[in-house]
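Structural overview
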Amino acid sequence: LTLSASSRGIDQHDPAQVAALAAAQNLITHGVGNATTDEQIALGYLQVNTGNYKLGLDLFNRLLEGNPKLVAAYLGRGTAQALQGNLAQASKDFTTVTEIDPKCSDGWKRRGQTRAALGFDSDAVKDLTKAAEISPDHECFHQRGIVHHKMHDYRKGLKDFRKALDMESRNPITWNFVGLCENALGHTRESIIAYERATQLDPHFKEAWANMAQAHRDGGDRASAERFFAQSIKVDASYTHGYHLRGLLFYGCGEIRLALADFKQGVEMDGTDRNCQLMKAVCLNSLGMLSEAIAEYNVLLKLDPQHQCYYQKEIALWMHKNLDADILATNPDTQLDAYFKEAYCKRHPTSHPRMCNYRPQKPLNAKIPDVRQLDVPESAELRKIVELSRKFGKLIQLNTPGFLSNLRQHRSCGITIISMAQQARAFWSGGGKGSVKTRDGGDGSASCLYFDPAGSSKNTGKNHDFGYRDFMDIAVKWRQISEPNDPVFWIDLLAPEAFAEGFGLQTPMVTGQMNVVRYFPYFARSLEVVKRLIADSGACNVHDQRFMLPRQKLDQLEKATDCQGLWDVMQQGFYVETPCHSIARPGKIMAGTRITLLQKPPEGFDFTIRTPGTPPRWVEMDQEMAHVWKLLRVEAQRKPGPDVEKFTELALTFYFYWVNFGPLSRGTAACGYIAFFALMLSIGYEVDVSPPEGTQVDWPAILTPRPAEFAAEVTTWIGPGRVKSTILDECPLVATTIATPREMIEALNMV
């Protein structure tokens, strides 16, 4: 409730004089026309607006004693109560206003705001709608938009904020909310335009600068995001949230030291900010400064014993203990508790029943030093590997919205490609078995296959020949160490109950009302697959019961272009399974992935791909992978040399089944793509090309039923990028140069 009064000859600091003048000039909202009463109302308003709530309450109480139906007094008293946090009492006062004068817009408006603060969002929307019907103004639509935004009904919120701007176009806060709604709907460009308008109207609006930066980050534009985060911090050098968001940008770009500096600054600015505290610990963990990371995790756990960082702390303790272990014989998948891994993947509370028998890691061993922070390789061999890795790491970068260029992951992928290629070549040259050597038995030659079953994820470390899974273990181990903030594990080595239940991976194209920036580009193609499968073989409901669509609805199905149109046809949640044709067992069609549509209130949907990791499906896909691995070996050993076209198709077939398999809790697509590059390099060919703009290689594999069709599609751009290479002849062996987790982290930390 705002009072505005000014005139020469009065003391602006004297509430009584200001109130008297306001009453005389009829500036009192809901005044009664009586000079004495209006002066008291004005004085009460002024006390509330200046934070003197007790004085304001006393004034309004006295007014109500004399006039129990004085609307202005109830509005003033309710406002004072709300500002002090007495929301229930405030709501009661505003309700009284609506009863005394049902046409008082302010009564409905204030009660709507109060009900929203109490969590009664639907009732709040009704009240604000009533207020807008009586007296439509900027505040009614703005406040109702805020409630819709809170309810995740971004379409309605956006509509309200746009209406509010029709009435007050220069309100920077409303423009900021327009940006928030647009971004939440997946409309990155539109959100940036709104934030630009907000910052033009108020250059000191730090939150709008940060939101604009975040929208650029969501779109994968690091340079713009960094510039606007800097602007938000320039406006307020103590803006903790700005440091946190910029730190996340740097972390997502693999700039761990820059991220650490921001998170440290955030903690210094606000020691209670747990987000900065957590990411500070994660950065220290990434850099191998494990004792410091564990100390930071312990700070968080002291504040909240159920904090999710418990899982990261336990893995950091395990890693610290194994820093100098032989990576060939070390594997977190087999050495960490299966129930612990499941709980970490599913973000269970640490008190979850499946964690009841978990034995925590032993305390930190002070005799084991942390990883040295080196910028430059100390050995010529490591220097050569790091330099060559730059050539390959950048090739995995996706040129599509939402994907930041991550330098640390580029380094990891580059080294991994070289390492996997070296081991595959040794395997091919060894007649299918290779000259298997543990660390002490190797002679450093290219024909030595450095492999130890003790560190394999297959057969719980029992003796076996080197297979596709051991080949992929190389990629998985590098992924686990390069990103300690992600739970990356083989799904069949999680808790047996979780595996039996079918641990499912899911990737959303649409979630709620949001078109997910990264994956929505494949919505149209996925929708066409869904429509074709429904027409051919029906769909399954949420109870796994198959049903067929009536023939008279097929025309309506064909016309569906979005989730709502699809739902209108199906009238229930459902999924279809994409077919995945076997080459190990010709004629056999396996379950590929599930494309699922479910309603998600308010007025939204989840349209996702889901990969069910059930034991029977695992057996089928494992057999398929082993079969393709065998075919790759045969082709690689062909005399006088492999057929490059045939081998390329087989390498792509390997990738095809791998991403349809989905055997990892995270990182399946990236590890599979790395494996493709490594397979090609193992026969002396680089693939010197990144995916074309807008292309994510795993989606065509998932949405295509046969590997040959997938290979034909992507070979159109992969084929021309193949060039002969002698890199493996000149590159030192990764297996002997980078032999421990400590050395892996040191290599990742290189500038």
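Quick caveat: nothing in here was measured; it's all calculated off a predicted structure.

Here we take up the overall build of the chain. On a plain count of helices and strands, the chain comes out with 35 helices and 11 strands. In the chain, 63% of the contacts between residues at least 6 apart in sequence involve partners at least 24 apart. Just so you have it, the chain exposes about 31,900 Å², and 51% of that area is on carbon and sulfur atoms. Of the charged side chains in the chain, 84 are positive and 86 negative; the average position of the first set lies 3 Å away from that of the second.

With that settled, consider the pattern of salt bridges. Charged atoms that come close allow side chains of opposite charge to pair. One pass over the full model with this rule turns up 42 salt bridges. The residue Arg 115 makes a salt bridge to Asp 127 at a minimum N-O spacing of 3.2 Å. You can see Arg 115 sitting in helix H6 (residues 105-118) and its partner Asp 127 sitting in helix H7 (residues 121-134), a full 12 residues away along the chain. Note on accessibility: Arg 115 and Asp 127 belong to one class, buried. The residue Arg 144 makes a salt bridge to Asp 160 at a minimum N-O spacing of 2.7 Å.

Let us look at helix H9 (residues 154-167). Taking 1.5 Å of rise per residue, the 14 residues of H9 would be expected to cover 20 Å, and the 20 Å separating its terminal C-alpha atoms lies within 8% of that figure. Regarding H9, the residues found buried are Tyr 154, Gly 157, Leu 158, Asp 160, Phe 161, Ala 164 and Leu 165. Across the axial projection of H9, the buried residues extend over an arc of 165°, all falling on one side. The exposed set on the far side of H9, more than 90 degrees from its buried face, consists of Lys 159 and Asp 166.

To continue, consider the nonpolar core. Phe 471 and Phe 654 are the most contacted members of the largest nonpolar core, which totals 162 residues. In terms of residue count, helix H29 (residues 644-661) provides more of this core than any other element does, 12 residues in total. Not counting residues up to four positions away in its chain, the partners in contact with Phe 471 are Met 420, Ala 424, Phe 466, Trp 629, Phe 654, Ala 675, Ala 678 and Leu 679. Judged by nonpolar contacts, the second largest core, of 18 residues, contains Ile 41, Leu 64, Tyr 74 and Ala 80.

Turning our attention to the packing of helix H23 (residues 468-482) against helix H30 (residues 668-682). Taken N-terminus to C-terminus, the directions of H23 and H30 make an angle of 130°; their axes are 10 Å apart at the nearest point. In terms of orientation, H23 lies oblique with respect to H30. The crossing of H23 and H30 is right-handed. Contact residues: H23 offers Phe 471, Met 472, Ala 475, Val 476 and Arg 479, while H30 offers Cys 671, Gly 672, Ala 675, Ala 678 and Leu 679. Residues that form the contact of H23 with H30 fall into these classes: eight nonpolar, one polar and one charged.

Attention shifts here to the packing of helix H10 (residues 172-184) against helix H11 (residues 188-201). Contact geometry of H10 with H11 gives a least axis separation of 8 Å together with a crossing angle of 165°. Classed by the angle they form, the pair H10 and H11 counts as roughly antiparallel. The two elements H10 and H11 meet at a crossing, and its hand is left-handed. Listed contacts from H11 to Pro 172, Trp 175, Asn 176, Val 178, Gly 179, Leu 180, Glu 182 and Asn 183 of H10 are Thr 188, Glu 190, Ser 191, Ala 194, Tyr 195, Arg 197, Ala 198 and Leu 201.

Taken in spatial order, the seven strands line up as E4-E3-E9-E8-E7-E5-E6 in an open sheet, and their pairing is antiparallel. If you trace the sheet from one side to the other, it starts and ends with strand E4 (514-515) and strand E6 (546-547), each paired once. For strand E5 (residues 539-541) and E6, the ladder comprises two bridges, and the chain directions are antiparallel. Counted as the bridge partner of Cys 540 is Arg 546 from E6.

Right, let's get into the packing of aromatic side chains. This model, assessed by the stated rule, comprises 33 aromatic pairs. Ring centres of Phe 161 and Phe 177 lie 5.0 Å apart, and the angle between their planes is 15°; on these two criteria the pair is classed as stacked. Here Phe 161, found in helix H9, pairs with Phe 177, found in helix H10; they are 16 residues apart in sequence, far enough to count as distant. We classify Phe 161 as buried; its relative accessible area is 0%. An angle of 25° between the planes, with centres 5.5 Å apart, marks the rings of Phe 427 and Trp 629 as stacked. Of the two residues, Phe 427 sits in helix H22 (residues 407-429) while Trp 629 sits in helix H28 (residues 615-636), which places them 202 residues apart along the sequence. Here Phe 427 and Trp 629 have matching classes, each one buried. Members of the aromatic cluster, joined through ring pairs, are Phe 427, Trp 428, Phe 451, Phe 466, Phe 471, Trp 629, Phe 647 and Phe 654. Geometry around Trp 108 places Lys 130 over its ring, the cationic atom sitting 5.9 Å from the centre. Arg 594 extends its terminal NZ or CZ atom over the ring of Tyr 575, reaching a point 4.3 Å from the ring centre.

A word on the pairing of strand E7 (residues 574-581). Counting buried residues along E7, six of its eight residues qualify, which places the element largely inside the surrounding structure. Summarising the sheet, E5 and E7 pair through two bridges and their orientation is antiparallel. In the sheet register, Asn 541 faces E7, and the bridge partner there is Phe 574. Where E7 lies against strand E8 (residues 589-600), seven bridges are found, and the strand directions are antiparallel.

The rules behind the values
- Residues numbered from 1 in each chain as written.
- Predicted model: local features only at pLDDT ≥ 70, side-chain atom pairs only at ≥ 80, totals over all residues.
- Heavy atoms only, no water.
- Helix = DSSP H or I, 4+ residues; strand = E, 2+ residues; numbered from the N terminus.
- Contact = heavy atoms within 4.5 Å.
- Areas by Shrake-Rupley, 256 points an atom, 1.4 Å probe, with all protein chains shown as cover.
- Lys, Arg positive; Asp, Glu negative; His and termini not counted.
- Charge placed at Lys NZ, Arg CZ, Asp CG, Glu CD.
- Salt bridge = Lys/Arg side-chain N within 4 Å of Asp/Glu carboxyl O.
- Buried < 20%, exposed > 50% of the residue type's maximum accessible area, 1.4 Å probe, protein only.
- Expected span 1.5 Å × (residues − 1).
- Arc of directions from axis to C-beta.
- Core = buried A, V, L, I, M, F, W, Y, C linked by side-chain atoms within 4.5 Å.
- Axes fitted to C-alpha atoms, helices over the stretch in contact; angles between N-to-C directions.
- Parallel < 35°, antiparallel > 145°, perpendicular 65-115°, else oblique.
- Left-handed = near helix turned anticlockwise from the far one by under 90°.
- Nonpolar A, V, L, I, M, F, W, Y, C, P; charged D, E, K, R; others polar.
- Pairing = 2+ DSSP bridges.
- Phe/Tyr/Trp six-rings, centres within 6.5 Å; stacked < 30°, edge-to-face > 60°.
- Lys NZ or Arg CZ within 6 Å of the ring centre and 35° of its normal.

Interpretation note: all reported values are geometric properties and have no functional meaning in isolation.
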